[in-house]
Amino acid sequence: MEDIWDVIVIGGGPAGLSAALMLGRAGRRTLVLDAGQPRNRFAAHMHGVLGNEGTPPADLLARGRTEAAGYGVAFADDTVEKVDVTDSTVAVATTGSGIWVARALIVATGLTDDLPEIPGLAQQWGRRVLHCPYCHGWEVRDQRLGVLAMPPMGLHQAELVRQWSAHLVVFTAALGPLDAEAERRLRARGVELISEPVVEIADDGECLAVRTADGRSVPVDAVFTGGTPRPHDGFLAHLGLARTDTSLGSFLAVDPAGRTSNERIWAVGNVVNPTGNVPLSIGAGAMTGGAVNGALVTEDFDTALQEQRR
Ligand SMILES: Cc1cc2nc3c(=O)[nH]c(=O)nc-3n(C[C@H](O)[C@H](O)[C@H](O)COP(=O)(O)OP(=O)(O)OC[C@H]3O[C@@H](n4cnc5c(N)ncnc54)[C@H](O)[C@@H]3O)c2cc1C
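Residues numbered from 1 in each chain as written. Predicted model: local features only at pLDDT ≥ 70, side-chain atom pairs only at ≥ 80, totals over all residues. Heavy atoms only, no water.

**Focus on the sheet that holds strand E9 (residues 145-148)**
The strand order across the open sheet formed by 5 strands is E8-E15-E9-E10-E11, and the pairing between neighbours is parallel. Each having just a single partner strand, strand E8 (129-130) and strand E11 (192-194) make up the two edges of the open sheet. Inspection of the sheet shows E8 paired to strand E15 (residues 222-225) by 2 bridges, in the parallel sense. Bridge pairing links Leu 130 to Phe 224 in E15. With respect to the sheet, helix H4 (residues 154-161) is in contact with E9, strand E10 (168-171) and E15, its orientation differing from that of E9 by roughly 170°. (Pairing = 2+ DSSP bridges. Helix = DSSP H or I, 4+ residues; strand = E, 2+ residues; numbered from the N terminus. Contact = heavy atoms within 4.5 Å. Axes fitted to C-alpha atoms, helices over the stretch in contact; angles between N-to-C directions.)

Below, the structure is given as structure tokens:
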């Protein structure tokens, strides 16, 4: 039993660290395996995070590691390749440090934003190409903003961004022809619509130049758009866990505490909820950490009772 952790957490972002903190404080032997590529690493500062307004993302995670380590949580910088399950344990194979075994597993591996393939866009991601106005809208309020509208949330994003600036141009080509009512609705609040495809987002020093197929160049201070979320759950694929289809893609199905269809595997944060920001991921991680400890508490009593009866 010495070599068996109570819980392995895969992913040391806000969700995973929050779960690990709860487990450490419950006296659970907990190991966090982390590849060190949090989703918001492209941004210099985080916003909308109470008590951490404007903090660099890496600083929050470094503090979170220190806090969890203070309760005995262990860390390994490593990438998980595969997970196997038995009746009573979960075996986690990594690229660097070998195989680790635990009674329970929390998957908090986040996601990759697969960005629209437009030259110049990826280089500005998290800087002047943004996805979430709650995270970065204040910093560009009242400036010249663009929305590169992508399905399925493009029109919703366009309406939302209008709250931060009246100088808004929406590039609609990826949505196909808009119906007349959708156009009227956006124009009613002074939004400019451009249906020509965007072919480049160029850095013009002071601002961005959004270039369209007809040769036009539209100056904006920032562009909002949406990537396609790709959850980091491929290392579980062979287990055939239940999934749920949403308008944003296919995700592991979990109950409100994060338990998957396997009773020893939980999943939390962006890997199952792509719209969760940092505070929501921290909150969900705390709930899942508590739920996993609760499941182990129940198992500890069940085992003790069985041994007593023997
Ligand atoms: C550009 C940008 C800016 C953002 N700004 C804000 C903001 O200002 N405020 C805000 O509240 N939210 C912001 N967000 C959202 C925020 O990034 C997410 O809410 C948050 O990162 C989700 O936390 P998480 O723990 O679920 O995943 P992540 O933070 O992505 O952490 C997942 C961790 O798991 C690791 N991992 C993945 N696969 C493996 C594997 N196989 N083995 C081991 N480790 C693995 C990753 O390397 C990573 O370290 C922003 C997002 C983006 C894209």
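**What about the site of the ligand?**
Lining the immediate environment of the ligand, one finds 39 residues, of which Asp 34, Gln 37, Val 80, Gly 276 and Val 278 sit closest. Ala 35 places a polar main-chain atom, nitrogen or oxygen, 3.0 Å from a nitrogen atom of the ligand. Val 278 is positioned such that a nitrogen or oxygen atom in its backbone is 2.8 Å from an oxygen atom of the ligand. A total of 1,000 Å² of accessible area belongs to the ligand in isolation, and the protein chains cover 97% of it. Of all the secondary structure elements, the ones that give two or more residues to the shell around the ligand are helix H1 (14-25), strand E2 (30-34), helix H3 (133-136) and helix H6 (278-309). In terms of residues, the shell around the ligand owes the most to one element, H6, which gives 3 residues. Partitioned by chemical class, the residues of the shell around the ligand number 16 nonpolar, 19 polar and 4 charged. (Near = heavy atom within 4 Å. Polar contact = N/O pair within 3.5 Å; in protein donor to acceptor, adjacent residues only side chain to side chain. Areas by Shrake-Rupley, 256 points an atom, 1.4 Å probe, with all protein chains shown as cover. Nonpolar A, V, L, I, M, F, W, Y, C, P; charged D, E, K, R; others polar.)

**Some points on the packing of aromatic side chains**
One pass over the structure, following the stated rule, counts 2 aromatic pairs. Measuring from centroid to centroid gives 5.4 Å for Tyr 134 and Trp 164, while their planes differ by 90°, and the two rings are edge-to-face. You can see Tyr 134 sitting in helix H3 and its partner Trp 164 sitting in the loop between H4 and E10, a full 30 residues away along the chain. You can call Tyr 134 exposed: its relative accessible area is 58%. Take Trp 164: its relative accessible area is 16%, and that puts it in the buried class. In this structure, Arg 29 is placed above the aromatic ring of Trp 5, and the distance from its NZ or CZ to the ring centre is 4.6 Å. The cationic tip of Arg 141 hangs over the ring face of Trp 138; the distance from NZ or CZ to the ring centre is 3.8 Å. (Phe/Tyr/Trp six-rings, centres within 6.5 Å; stacked < 30°, edge-to-face > 60°. Buried < 20%, exposed > 50% of the residue type's maximum accessible area, 1.4 Å probe, protein only. Lys NZ or Arg CZ within 6 Å of the ring centre and 35° of its normal.)

**A short note on unusual backbone geometry**
Omega for the peptide link from Pro 151 to Pro 152 comes to 0°, which places this bond in the cis form. Within the secondary structure layout, Pro 152 lies in the loop between E9 and H4. Backbone geometry at Asp 142 places phi at a positive 65°, although glycine is not the residue there. Secondary-structure assignment places Asp 142 in the loop between H3 and E9.

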